[in-house]
Amino acid sequence: RHFWWTVLLLPTAGTLLYYISQRWFYSFNSTVGSSSRRGTSSCGKWWSGLPLCSKRLRFVFVVSLHLTAAVLVRWISHSGCLPCSSARLLPKPSLVAHRGCARMFPENTLGAFREASGFPQIVALETDVQISYDGVPFLLHDPHLVRTSDIATRCPSIDHYRNVTWLNYSSGSCPLREVNVGVMFQEDERVPTLAEFLEIAKQKKLNVIFDISEPPVDHPHHDTYGNKTLEAVVASGIDLRTVWWLLPKERLWVWNRHPAMVQVAKTAVTPPEEFAELHIQKVNDDWGTPLRQFRLYQAANLSLNMFILDSSFLFSYAWCIGVDTVTTNNCKKLSVFKHNTLYQACTELRQTIDRMLIPVTVTLAVCSLSCMICFECLRKRTLKLQEY
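My aim in this report is to walk through the structure given alongside it, one point at a time. Residue numbers run consecutively from 1 along every chain, following the written order of its sequence. Local features are withheld for residues below a pLDDT of 70 in this predicted model, meaning they are given only at 70 or higher, and side-chain atom pairs are given and counted only at 80 or more; totals for whole chains, interfaces and linings count all residues. As a rule here, side-chain values come from all non-hydrogen atoms in the structure, and water together with hydrogens is ignored.

1. A short note on a nonpolar patch on the surface
To be explicit about the condition: Note that patches include only residues with greater than 30% relative accessible area and no salt bridge, and the join distances are 9 Å for like charges and 5 Å for nonpolar side chains (Val, Leu, Ile, Met, Phe, Trp, Tyr). Where accessible areas are quoted, they stem from the Shrake-Rupley method and a 1.4 Å probe; at the residue level, only the protein chains shown are allowed to cover. Salt bridges, as used here, are contacts in which a Lys or Arg side-chain nitrogen is within 4 Å of a carboxyl oxygen on Asp or Glu. Starting at the N terminus, helices and strands are each numbered in turn, a helix being any DSSP run of H or I of at least four residues and a strand any DSSP run of E of at least two.
On the surface, a nonpolar cluster with roughly 240 Å² of combined accessible area is contributed by Met356, Val360 and Leu364. Residue position: Met356 is located in helix α13 (residues 341-387).

2. A word on the pattern of salt bridges
Applied cut-off: In this scheme, a residue with accessible area under 20% of its type's maximum is buried, one over 50% is exposed, and one in between is partly exposed, where area comes from a 1.4 Å probe on protein chains only.
As enumerated under the stated definition, the model contains ten salt bridges in all. In this structure, Glu107 and Arg147 form a salt bridge, with 2.7 Å as the shortest nitrogen-oxygen distance. Residue Glu107 is found in the loop between β1 (94-98) and α5 (110-116), and its partner Arg147 is found in the loop between β3 (137-139) and α6 (151-154); the two are separated by 40 residues along the sequence. Overall, Arg147 belongs to the partly exposed group, its relative accessible area being 36%. What emerges from the salt-bridge pattern is a single network uniting Arg99, Glu107, Asp128, Asp142 and Arg147.

3. Concerning unusual backbone geometry
The omega torsion of the bond from Phe307 to Ile308 falls at -25 degrees, within 30 degrees of zero and hence cis. Along the chain, Ile308 turns up in the loop between β8 (303-307) and α11 (312-321). Phi angles above zero are rare outside glycine, and Asn301 is one such case at about 60 degrees. Along the chain, the position of Asn301 falls in the loop between α10 (291-299) and β8.

4. As for the environment of Leu342
Within the secondary structure, Leu342 sits in helix α13. Using a relative accessible area of 14% as the deciding quantity, one classes Leu342 as buried. For Leu342 and Ser312, which are 30 residues apart along the polypeptide, the C-alpha to C-alpha distance reads 9.4 Å.

5. Section: α11
Counting buried positions over the ten residues of α11 gives nine, a clear majority of the element. Taken together, the buried positions of α11 are occupied by Ser312, Leu314, Phe315, Ser316, Tyr317, Ala318, Trp319, Cys320 and Ile321. The positive-phi residue at the C-terminal boundary of α11 is Gly322, with phi of around 90 degrees.

6. Brief notes about the pairing of β1
Across a regular strand the side chains alternate sides, sitting on one face of the sheet and then on the other. This is how it is decided: Between any two strands, pairing holds if DSSP finds at least two bridges. Looking down the strands as they point away from you, a crossover is right-handed if its path from the first strand over the helix to the second goes clockwise.
With respect to burial, β1 is a largely interior element, five of its five residues being buried. Pairing between β1 and strand β9 (residues 325-328): four bridges, direction parallel. Residue pairing for β9: Ala97 is matched across the bridge by Thr328. Where β1 meets strand β2 (residues 122-131), four bridges bridge the pair, whose relative direction is parallel. From the neighbouring strand, His98 faces β2, where its bridge partner is Glu126. Taking the sense of rotation as the criterion, the β-α-β connection linking β1, α5 and β2 turns out right-handed.

7. Remarks on the pairing of β9
What you see with β9 is no split at all: Thr325 and Thr327 on one side and Val326 and Thr328 on the other are buried throughout. Where β8 lies against β9, two bridges are found, and the strand directions are parallel. Across the sheet, residue Asn305 finds its bridge partner in β9, namely Thr325. For the segment spanning β8, α11 and β9, crossover handedness is right-handed.

8. Examining the nonpolar core
What counts is decided by this rule: By nonpolar core is meant a set of buried Ala, Val, Leu, Ile, Met, Phe, Trp, Tyr and Cys residues that side-chain atoms within 4.5 Å join together. Between two residues, a contact is recorded if the distance between any of their heavy atoms is within 4.5 Å.
Residues Leu125, Leu194, Phe197, Phe210, Val233, Trp245 and Met306 are the most contacted members of the largest nonpolar core, which totals 62 residues. For this core, the leading source of residues is α11, giving seven residues. Among all residues touching Trp245, those that are not within four sequence positions of it are Phe210, Ile212, Gly226, Thr229, Leu230, Arg251, Val254, Met261, Val262, Gln263 and Val264.

Below is the structure:
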């Protein structure tokens, strides 16, 4: 229907505007010339010097403005400019448990990943990988342990804010495997290794995605941290088709050795024009990415993952635009989320516009023309009073 609206109204508005442009100099010269002979302006002070001194032209101009506005409103409401522009609601996105649903459980712990894997709609587990001084890939987001652990009381003699990768995982004065990272939830959870995390994902048959932090330049594993992470993944025996590989370093080398892995890219790190060359299959972008960018990814048949969405509104937005998966901390709420309020609101808005646009446009146009007629009558009466 909106196609015929565009076909009918746009030419009408264009014709009216063309008529105004054709009458520009004629109306200006004729009205201003006759006014100069009478000594008064037929347009009054407000319209004086404008190309709309003719009353007829002013009426045409007002009507054309209303018609053009109506066409624009109708087009915007049914175009791809709005997130919920499709005629039917797209499939609901699946969920990626961010750090094991960090809002509900101690982040990046084995208990969190076990609990998160039990929620419906969860298809992947997300975590953060770092490399210890003795070369063990372990799970931790922050560069130190102060926020999430009891490191201050367990190891009071060390610098608590020193980069955690300088600690050994299983030896030394403060081994990482003995640190409790569940203190924020008053639970006893140890720093897990990447191998333990992959074992849970393999048992639950879930996908995995992880950010890999680069250790300091003078770290003994600075040049090999990516290889050691890859070796741990392969050694775990997990199905490589369930691994979403995010590390951009030596991506082509990784793909050549293990083409079954799903290559995932962030546009902040990897330019979109390099996606085809790097065999990118999935895009991992935050929810603030422009809508037109997501449309380009979909046109290129790329799978989309949006992060980090914890609210129902943002999840509705991702649902509307057809995102495949979303990364969230709020697994419990979004896993049972059924009613897309944003889509319902957009649908009701379009229906209201379809139903009310013509009556409202006509009413506004009539009101505007009535006001112009009233002002014209008042102007003429004022001129007559001035003559007397």
